[in-house]
Amino acid sequence: MPADQASKSSFGPTTPAPAKAPNRPLKDDRSAHHPSPRTMSKLSTSTSDSVGSVPRSSAGPPSPRAKKSKASAQYDRFIPNRNVMDIASSQFNIARSDGEQPLDGATIAYHEEVARACGVSLNKRILAFKEEAPTSEKDDLRQVYSRPVLKTNTNTTATTRRILTTPERILDAPGLVDDYYLNLVDWSVSNSLAIGLEQAVYMWNASTGDVNKLCELDGGSYIASVKWTADGTYLAIGTSDGDVQIWDAESQSKIRTMSGHQARVGVLSWERHLVSSGCRDGSIWNHDVRVANHKTSEMVAHVNEVCGLTWRSDGALLASGGNDNLVNIWDARSSVPKFTKTQHTAAVRALAWSPWQLNLLASGGGSHDRHVHFWNTTTTARLNSIDTKSQVTSIQWSSEYRELVTSHGFPHHHLALWSYPSLTKIVDIPAHDTRVLHTSLSPDGQTLASAACDGSLKLWRIFESRTKSAKSRKAEGMAAASVAAATSLTGTSALGAGSSIPDISRPSYIR
């Protein structure tokens, strides 16, 4: 029998048949190169004795326990312990190592399935000297407990914040045009919310709850956009005829009309005495409301309707988004874009500058894009992106928290609150029955107004301010007590005849 076959049969479960005697006696070969079984037994006995803590005298006779251990141990010339071996896996791996290994993945997967069905382990060591340690199916505790510990703040009142998923107030808004490219809601610093409903513009005073109709267009024109000035004194209105009207909110009178656009003006943005208007033909005009010739410059880079437009807080840069899937950043001193971003694959209407990082801009795409990208306008680099899984209609940053809220259309019609810069989702808020078209933040930055074509305008307390100091709460309590005392003494309010006592227990914009 060949030498390789003899070596294979020696690992089998049955005793091999006696082989033909070689030319040279096996006895001589074994004695020349290997010790005899008796000598091997002595060596193993002496080795096991030397390992123990108490040496055993070699002169004394072996004990019955030692004889029993010798009889139970099955030692081989090369394998100290055969009991811990998996004979079936060893035979399979030896036979597998002789043949050519399959190269295609299908054959390898087939062999693995067959071995698993037969209870055979692949790539297992053939020789074994001791039993393997038992494995645990649980998680490695070294990895679990070696994770970095998050920094905790002992002031739990400052770190915990409750975000309500139900609106604080719902207002009726019938006749809101279902058009993704229009911008029909804006909230001023004077706590007056303007909304365009078909041909009319209404103002809702969040402090008193009064609703007034500011204007109504004639003929077949409709309101396409509204935008308050920074001080809340004047309201700019863009119409479907291409006009930009300036209205005084206090006197509710029109100051002037600036014409010139050949199509509807779907978006407006103020920068001090300049109002920028985005048109359906892709052009952007800058109007100076102080002079008769109002058009001061024209910026043309979009080939389709401009639906997003916003100035940075310092007035140095203007960001625009259009139905051509482009985001353009303009320098205030130039009529050529500083740079253009083409990563969006749908119309870009949602644009928002960060209030606490001057060069950070967020942009959101439409139904075929569904991403929010974050740009560094100094280096022109894209910092990060979010796949929102839904059409992005608007973005609002929080001025107090490192967070932003996005409103969405198809298919979920919800509001999503995100943490920045980790971009982890904090909460999803089911908002409307149809897509959320417009959002705007209150003057104090705590309440978000959302409008949809389901005929409702809802107020959400999302960015609730941190707990007030004890000093401010004490001052408010003293003011309430003084008002109550004056009323009880005179029978009328100390604030003047005909005025009502304000409810100081709630913010002014939700009374």
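This text goes with the structure placed above it.
K.L.:
So what about the sheet that holds strand β5 (residues 211–216)? Which residues, and what values?
P.N.:
What the four strands build is an open sheet, ordered β2-β3-β4-β5; its pairing is antiparallel. Of all strands in the sheet, those bounded by a partner on one side alone are β2 (185–187) and β5. Shown here is a sheet whose adjacent strand axes are inclined to one another by a mean of 20°, direction ignored. Looking at chain direction, β2 and strand β3 (residues 192–197) are connected through three bridges and run antiparallel. Bridge assignment links Val185 to a residue of β3, and that residue is Ile195.

K.L.:
If you had to explain the pairing of strand β4 (residues 200–205) to someone new, which residues and values would you point to?
P.N.:
Judged from the six bridges that link them, β3 and β4 form a sheet pairing that is antiparallel. The residue bridging Leu193 from the neighbouring strand is Trp204, located in β4. Linking β3 to β4, which pair antiparallel, is a turn of two residues; within it Glu198 sits at a positive phi near 55°. As judged from the five bridges shared by β4 and β5, these two strands associate in the antiparallel manner.

K.L.:
I'd like a rundown of the packing of aromatic side chains, residues and numbers included.
P.N.:
Following the criterion strictly, the structure yields seven aromatic pairs and no others. Geometrically, the ring pair formed by Trp356 and Tyr420 is tilted, given 6.0 Å between the ring centres and 50° between the ring planes. Remark: Tyr420 occurs in the loop between β24 (414–419) and β25 (425–430) and Trp356 occurs in the loop between β18 (348–353) and β19 (360–365); sequence separation between them is 64 residues. Residue classification places Tyr420 among the buried residues on the basis of a relative accessible area of 11%. Ring pairing ties together the aromatic residues Trp356, Phe374, Trp397 and Tyr420, which thus form one cluster.

Calculation rules
Residues numbered from 1 in each chain as written. Predicted model: local features only at pLDDT ≥ 70, side-chain atom pairs only at ≥ 80, totals over all residues. Heavy atoms only, no water. Pairing = 2+ DSSP bridges. Helix = DSSP H or I, 4+ residues; strand = E, 2+ residues; numbered from the N terminus. Axes fitted to C-alpha atoms, helices over the stretch in contact; angles between N-to-C directions. Phe/Tyr/Trp six-rings, centres within 6.5 Å; stacked < 30°, edge-to-face > 60°. Buried < 20%, exposed > 50% of the residue type's maximum accessible area, 1.4 Å probe, protein only.

That is the geometry; function is a separate question.
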